[in-house]
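Inside the fold
Now for the letters of each chain:
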Amino acid sequence: EVTEGIHADFATHSFCVGKAFDRERFEAWAESPPKGLVRAKGMLWVQGEPKGMVWHLAGGRSSGLHAVEGQTKPQWSELVFIGNYGEDWKPYDIEQSLKQCLAQYTL
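On to the environment of Leu79. Along the chain, the position of Leu79 falls in strand 6 (residues 77-84). The spacing of Leu79 and Cys16 is 63 residues in sequence and 6.5 Å in space, taken between C-alpha atoms. Once you skip the residues sitting within four places of it in the chain, Leu79 turns out to touch His13, Ser14, Phe15, Phe21, Phe26, Lys41, Gly42, Leu44 and Trp55.

Turning our eyes to something else, we now look at the pattern of salt bridges. A complete count under the given rule lists 3 salt bridges for this structure. Here Glu27 makes a salt bridge to Arg23, at a shortest N to O gap of 3.1 Å. In this pair, Glu27 and Arg23 both sit in helix 1 (residues 23-31), 4 residues apart, roughly one turn of the helix. A relative accessible area of 29% places Glu27 in the partly exposed class. Residue classification places Arg23 among the partly exposed residues on the basis of a relative accessible area of 27%. Each of Arg23, Glu27 and Glu49 takes part in a single network of salt bridges with overlapping partners.

This paragraph deals with the pairing of strand 2 (residues 37-44). It is a general feature of regular strands that their side chains alternate between the two faces of the sheet. Pairing of strand 2 with strand 6, which is carried by 6 bridges, proceeds in the antiparallel orientation. The partner of Met43 across the bridge, within strand 6, is Glu78. Pairing of strand 2 with strand 3 (residues 53-58) involves 6 bridges; the strand directions are antiparallel. Residue pairing for strand 3: Met43 is matched across the bridge by Val54.

Once that is clear, we can look at the nonpolar core. Phe21, Phe26, Trp29, Trp55 and Phe81 are the most contacted members of the largest nonpolar core, which has 22 residues in total. Elements represented by at least two residues in this core include exactly strand 1 (10-17), helix 1, strand 2, strand 3, strand 6 and helix 2 (91-99). In this view, Trp29 contacts Pro34, Leu37, Trp55, Phe81, Ile94, Ser97, Leu98 and Cys101; residues no more than four positions away in its chain are not counted.

A separate point is the environment of Asp93. Among the secondary structure elements, Asp93 is positioned in helix 2. On the basis of relative accessible area, Asp93 is assigned to the partly exposed category, the value being 43%. As a C-alpha pair, Asp93 and Pro34 span 59 residues in sequence and 8.3 Å in three-dimensional space.

Conventions we followed
- Residues numbered from 1 in each chain as written.
- Predicted model: local features only at pLDDT ≥ 70, side-chain atom pairs only at ≥ 80, totals over all residues.
- Heavy atoms only, no water.
- Helix = DSSP H or I, 4+ residues; strand = E, 2+ residues; numbered from the N terminus.
- Contact = heavy atoms within 4.5 Å.
- Salt bridge = Lys/Arg side-chain N within 4 Å of Asp/Glu carboxyl O.
- Buried < 20%, exposed > 50% of the residue type's maximum accessible area, 1.4 Å probe, protein only.
- Pairing = 2+ DSSP bridges.
- Core = buried A, V, L, I, M, F, W, Y, C linked by side-chain atoms within 4.5 Å.

If you want it as structure tokens, here you go:
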């Protein structure tokens, strides 16, 4: 999505999925995020966790997954990404790499 003004050089993309993530796969992905990402955040359904988990990425550093107090077990995950337009901004590749982090994905 392109907007006018000061933020016109930034691209956004969201990823929503009704399946749980595998914690180890997602954390490995988050430690080596795709090039072109500036910021990211999301609410995740993580297999084996009784509550929703929150995560964010800024400055190339991952926050790790943290339980959200007062939240019940989610039925989906939603992540939002902000990146720089250019060669390294590849939303399709981001989605494909995230799908490999799902608990039901077979490596």
